[in-house]
Amino acid sequence: MAKIATMALGLVIGLGLSLSAAQAGDAAAGKKVFKKCKACHTIDAGGKNKIGPNLHGIVGKAAASVEGYKYSKAMKASGLTWTDENLTEFFKKPKKFVPKTKMSFGGLKKDKQIEDLIAYLKENS
């Protein structure tokens, strides 16, 4: 009986690790997704702001806090912190998540692309 319990526990732990790895995203794939963002954003440390703010270190950061970028009133008032969850919702439909944001991008439709993009942003934070 103990052997079965040990096997079951191992299966549960293995499944949990697989799920967390799947949720983590693939940073290399996220770099490809970021190509959609490059027209408006940079990601290099110390990179300049363009039409949108530099995104280096954005994960875990307060919204509207990149120095030298002029944010919309809506983004300034949002009170958001860029958690995985908030980034996910923002990347799906920016104007729905923060109405009146300056972000003109329509959003990403595929959850996998969003997960990968967040992994890439984290890798560059």
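Residues numbered from 1 in each chain as written. Predicted model: local features only at pLDDT ≥ 70, side-chain atom pairs only at ≥ 80, totals over all residues. Heavy atoms only, no water.

- In the nomenclature of an unreviewed UniProt entry, the protein is known as Cytochrome C of Kiloniella spongiae.
- Under the Subcellular location (unreviewed entry) heading, UniProt states for the protein: "Cell membrane". (UniProt positions renumbered as here; feature names shortened; annotations may be inferred.)

1. Remarks on the side chain of D116
Item 1. Note on placement: D116 falls in helix α6 (residues 111-123).
Item 2. Those residues in contact with D116 that sit more than four places away from it in its chain are G25, D26, A27, A29 and G30. (Helix = DSSP H or I, 4+ residues; strand = E, 2+ residues; numbered from the N terminus. Contact = heavy atoms within 4.5 Å.)

2. Thoughts on unusual backbone geometry
Item 1. Of note in this structure, A64 is not a glycine but carries a positive phi near 60 degrees.
Item 2. Turning to its location among the elements, A64 is positioned in the loop between α2 (27-33) and α3 (73-77).
Item 3. By relative accessible area, A64 is classed as partly exposed at 25%. (Buried < 20%, exposed > 50% of the residue type's maximum accessible area, 1.4 Å probe, protein only.)

3. What about the pattern of salt bridges?
Item 1. Summed over the entire model, instances satisfying the criterion amount to four salt bridges.
Item 2. In this structure, K92 and E89 form a salt bridge, with 3.6 Å as the shortest nitrogen-oxygen distance. Taken together, the positions of K92 and E89, both in helix α4 (residues 84-92) and three residues apart, correspond to about one turn of that helix.
Item 3. For E89, a relative accessible area of 37% translates into the label partly exposed.
Item 4. Between D111 and K92 there is a salt bridge, and its shortest N-O distance comes to 3.9 Å. Residue D111 is located in helix α6, and its partner K92 is located in helix α4; the two are separated by 19 residues in the primary sequence.
Item 5. Overall, K92 belongs to the partly exposed group, its relative accessible area being 29%.
Item 6. Residues participating in the shared-partner salt-bridge network are E89, K92 and D111. (Salt bridge = Lys/Arg side-chain N within 4 Å of Asp/Glu carboxyl O.)

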